[in-house]
Amino acid sequence: AAVIGVKDGKWGERPLGLVVRDAHTGGDLDEAQIKAHLKSFADAGVISKIGIPDKILFVDALPRTSVGKFDKKKLRQSFGNLSLDRQIGDPSKIMR
């Protein structure tokens, strides 16, 4: 999973969650369950409530660098121009 900032008309930028489903451990996980889990951390004061993504997209894979870290540059190129102000289309077509 990764989180990047995307354009938002009200706040300028908001977090967008990107999650790769794992059929063996969390294939039935949905956006509401992830947000509820994150909210429990916000309620405990571990993270800020504003840090909970408004939208969570399920993708097939997340690009990595040559050393195995998430490639934030490619993530921003693929998803950074999405606006949470409008409906996001089928994200599975973006990262194939």
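Residues numbered from 1 in each chain as written. Predicted model: local features only at pLDDT ≥ 70, side-chain atom pairs only at ≥ 80, totals over all residues. Heavy atoms only, no water.

**Q** Could you clarify how one ought to interpret the packing of aromatic side chains in this entry?
**A** Summed over the entire model, instances satisfying the criterion amount to zero aromatic pairs. Over the face of the ring belonging to Phe-58 we find Arg-21, whose NZ or CZ atom lies 3.8 Å from the ring centre. (Phe/Tyr/Trp six-rings, centres within 6.5 Å; stacked < 30°, edge-to-face > 60°. Lys NZ or Arg CZ within 6 Å of the ring centre and 35° of its normal.)

**Q** I keep staring at the confidence of the model for the protein chain and nothing clicks. Help me out?
**A** Caution is warranted with low-pLDDT regions, since their predicted coordinates should not be read in detail. Taken as a whole, the protein chain shows an average pLDDT of 83; of its residues, 83% reach a score of 70 or greater. Confidence over residues 86-96 falls short of pLDDT 50; this stretch has 18 contacts with residues more than four positions distant or in other chains. (pLDDT = per-residue confidence, 0-100. Contact = heavy atoms within 4.5 Å.)

**Q** Help me understand the pattern of salt bridges in this model?
**A** Pairs can form between side chains of opposite charge once their charged atoms are near each other. All told, the structure shown has four salt bridges when counted by the stated rule. Asp-54 serves as the salt-bridge partner of Arg-14, at 2.8 Å between the closest nitrogen and oxygen. One end of the pair, Arg-14, is in strand β2 (residues 12-20); the other, Asp-54, is in the loop between α1 (31-43) and β3 (55-59), and 40 residues separate them in sequence. Given the relative accessible area of 7%, Arg-14 is considered buried. Judged by its relative accessible area of 37%, Asp-54 falls in the partly exposed class. Between Glu-31 and Lys-55 there is a salt bridge; the shortest N-O distance is 3.7 Å. Placement of Glu-31 in helix α1 and of Lys-55 in strand β3 is noted, with a sequence separation of 24 residues between them. Exposure remark for Lys-55: the relative accessible area of 25% places this residue in the partly exposed category. (Salt bridge = Lys/Arg side-chain N within 4 Å of Asp/Glu carboxyl O. Helix = DSSP H or I, 4+ residues; strand = E, 2+ residues; numbered from the N terminus. Buried < 20%, exposed > 50% of the residue type's maximum accessible area, 1.4 Å probe, protein only.)

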